[in-house]
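Architecture at a glance
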Amino acid sequence: MWWKLLVRAQPCRLCSFRRMRAAPEHKPPLARLTYTTGEQSDKENKRTVEKLCKISVDVRKIRRLKGWVLLEDKTYVEEIASILRELGANKTVIAGILERCPEAIVCSPAVVDTERELWQLVCKNEEELIRLIEQFPESFFTMKGQENRKLNVQFFQELGLKNVVISRFLTSASNIFHNPVEKNKQMIKTLQESYQHLGGSAANMKVWLLKLLSQNPFILLNSPSAIKGTLEFLKVQGFTHSEILQLLSKLKGFLFQLCPDSIQRSISFSKNAFDCTDHDLKQLVVKCPALLYYSVPVLEERLQGLLKEGVSIAQIRESPMVLELTPQIVQYRIRKLNSLGYKVKDGHLANLNGTKKEFEANFGKIQAKNERPIFNPVAPLNVEE
């Protein structure tokens, strides 16, 4: 019994630990916190803060996002607000723009005016321009290389791209305007030569090129040597000129952003997964270029997701486009089809494919077919008199 008394006499380590955790943590004196905040506030440009508050800008947001702006000695709050006001922005819009992109107030008004002239080359009117600035203020208040970007805008216009497309590039693909205009011209020339070399007709080349750029402007960030290297690799793999041209069109030019090593890994994985010959694999790739585009881990995840749903390899080979869908989308669509009594694992995968709109249309057709009455109650009866 003596050992039980000894154990009871010992303090419970767990209880001691809990009491230590429950004890209030040491907090720095309030005065120290106030001093730090005050020190930061003392460094801010008081005039800048006052001018921002005057036009209803939430300075707290700027402090959280890009507080360095408030430390700048030279700012142009009133001037930038005036330029935005001239374009038709109201007080709320101006405040929103400066809260999202506070670095705008350190841009010289003269430089901003030049940027406005640049964007007006592709905007129908000032209303459209201020709408773009409100949506993409960071793109507008990027003042690097204005002359080079202007030359690129003019080059794209001469090429035949619509202004609405070029304005989309300015907001979502601004990096292509940082390229020297000569580099972009060289890339366009390489694309044109590649298209014709693969058997594309001169009459269709312009339409093909403009569509390709509209779908994937980032293709211009590649180098001519990389494009030629990818094309040569595909030829070595046995793809014909016609098949490569199909791949380029279906993949919207993303094929040029892949290196031969990654393409080779994807080809090897697909060949093993589908247990097919080189010829059969080419047919699968032409049907579903995503087999080249997606990395091996992505392809493996999507293939395993389909197999878990009871789909067979043979079904996937018949309809490889299903691999363009994520496992989550596949699960959702299979559940919806199952609710109508349609068993995907017993049928064709075509009803799984397509965009969300296309799937919903197919689902509606199947649903309507299931709900159709067995007989038409208003049809005349064929009764012998």
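Residues numbered from 1 in each chain as written. Predicted model: local features only at pLDDT ≥ 70, side-chain atom pairs only at ≥ 80, totals over all residues. Heavy atoms only, no water.

**So, the overall build of the chain**
Across its full length, the chain holds 23 helices and zero strands. For the chain, the residues scored as buried account for 39% of the 385 residues in total. Within the chain, counting contacts between residues at least 6 apart in sequence, those at least 24 apart form 72% of the total. Summed over all atoms, the accessible surface of the chain reaches about 23200 Å², with 54% contributed by carbon and sulfur. (Helix = DSSP H or I, 4+ residues; strand = E, 2+ residues; numbered from the N terminus. Buried < 20%, exposed > 50% of the residue type's maximum accessible area, 1.4 Å probe, protein only. Contact = heavy atoms within 4.5 Å. Areas by Shrake-Rupley, 256 points an atom, 1.4 Å probe, with all protein chains shown as cover.)

**Focus on the packing of aromatic side chains**
Applying the stated criterion across every chain yields a total of nine aromatic pairs. For the pair phenylalanine 140 and phenylalanine 141, a centre-to-centre distance of 5.0 Å together with 90 degrees between the ring planes defines the contact as edge-to-face. Summarising the burial analysis for this pair, phenylalanine 140 and phenylalanine 141 share the class buried. Taking the centre distance of 5.7 Å and the plane angle of 55 degrees together, the rings of phenylalanine 254 and tyrosine 293 count as tilted. One end of the pair, phenylalanine 254, is in the loop between α16 (241–250) and α17 (260–274); the other, tyrosine 293, is in helix α19 (residues 290–293), and 39 residues separate them in sequence. Here the basic side chain of arginine 302 rests over the ring of tyrosine 294, its NZ or CZ set 4.4 Å away from the ring centre. (Phe/Tyr/Trp six-rings, centres within 6.5 Å; stacked < 30°, edge-to-face > 60°. Lys NZ or Arg CZ within 6 Å of the ring centre and 35° of its normal.)

**Structural notes on the pattern of salt bridges**
Going through the model one piece at a time under the given rule, you end up with 15 salt bridges. Here arginine 149 ties to glutamate 115 by a salt bridge, and the two come within 2.7 Å at their closest N and O atoms. Separated by 34 residues along the polypeptide, arginine 149 in helix α11 (residues 146–159) and glutamate 115 in helix α8 (residues 109–120) bring together distant segments of the chain. On the accessibility criterion, arginine 149 (4% relative accessible area) is buried. Glutamate 360 is the salt-bridge partner of lysine 336, the closest N and O atoms lying 3.4 Å from each other. In this pair, lysine 336 is assigned in helix α22 (residues 327–339) and glutamate 360 in helix α23 (residues 356–371), connecting sequence segments 24 residues apart. Taken together, the shared-partner salt bridges connect Glu86, Asp113 and Arg116 into one network. (Salt bridge = Lys/Arg side-chain N within 4 Å of Asp/Glu carboxyl O.)

**Regarding the confidence of the model for the chain**
Summing up the model confidence of the chain, the mean pLDDT is 84 and the portion of residues at 70 or higher is 85%. Taken as a whole, residues 1–38 scores under 50 in pLDDT and shows one contact with residues more than four places along the chain or in a different chain. (pLDDT = per-residue confidence, 0-100.)

**Re unusual backbone geometry**
What is expected of a backbone is that most residues other than glycine have negative phi and most peptide bonds are trans. Look at serine 56: it is not a glycine, yet its phi comes out positive at around 65 degrees. For serine 56, the position within the fold is in the loop between α4 (46–54) and α5 (59–66). In the Ramachandran plot, aspartate 275 falls in the positive-phi region, its phi being about 50 degrees despite a non-glycine side chain. Note that aspartate 275 resides in the loop between α17 and α18 (278–287). Residue classification places aspartate 275 among the exposed residues on the basis of a relative accessible area of 67%.

**Thoughts on the layout of surface pockets**
What the largest pocket holds in volume is close to 220 Å³. Looking at the lining of the largest pocket residue by residue, the class counts come to seven nonpolar, no polar and three charged. (1 Å grid on protein atoms, 1.4 Å probe; cavity = no way out; pocket = protein on both sides within 12 Å on 5 of 7 lines; lining within 4 Å. Points joined across faces, edges and corners; volume = space filled by probe spheres on them. Nonpolar A, V, L, I, M, F, W, Y, C, P; charged D, E, K, R; others polar.)

**Considering the environment of glutamine 237**
Structurally, glutamine 237 is set in the loop between α15 (224–236) and α16. Those residues in contact with glutamine 237 that lie beyond four places of it in its chain are Gln264, Ile267 and Lys282.

**Comments concerning the nonpolar core**
Leu52, Leu84, Leu98, Ile133, Phe141, Leu255 and Ile316 are the most contacted members of the largest nonpolar core, which totals 104 residues. The leading source of residues in this core is helix α14 (residues 202–215), at six residues. If near-sequence neighbours (up to four positions away) are discounted, leucine 84 is found in contact with Ala89, Ile94, Ile97, Ile130, Ile133 and Phe141. (Core = buried A, V, L, I, M, F, W, Y, C linked by side-chain atoms within 4.5 Å.)

**Quick look at the packing of helix α6 (residues 77–86) against helix α7 (residues 91–100)**
With their axes 10 Å apart at the nearest point, α6 and α7 run at an angle of 130 degrees to one another. When the interaxial angle is binned, α6 and α7 end up oblique. Every pair of crossing elements has a handedness; the one defined by α6 and α7 is right-handed. Here Ile80, Ala81, Leu84 and Arg85 of α6 come into contact with α7, specifically with Ile94, Ile97 and Leu98. Its residues placed into classes, the contact of α6 with α7 shows six nonpolar, no polar and one charged. (Axes fitted to C-alpha atoms, helices over the stretch in contact; angles between N-to-C directions. Parallel < 35°, antiparallel > 145°, perpendicular 65-115°, else oblique. Left-handed = near helix turned anticlockwise from the far one by under 90°.)

**Some points on the side chain of glutamine 146**
Note on placement: glutamine 146 falls in helix α11. In this structure glutamine 146 comes out as buried when scored by relative accessible area, which is 16%. Within the structure, the side chain of glutamine 146 is placed 3.0 Å from the side chain of glutamate 115, a separation counted as a polar contact. Leaving out residues up to four positions away in the same chain, glutamine 146 has contacts with Val111, Thr114 and Glu115. (Polar contact = N/O pair within 3.5 Å; in protein donor to acceptor, adjacent residues only side chain to side chain.)

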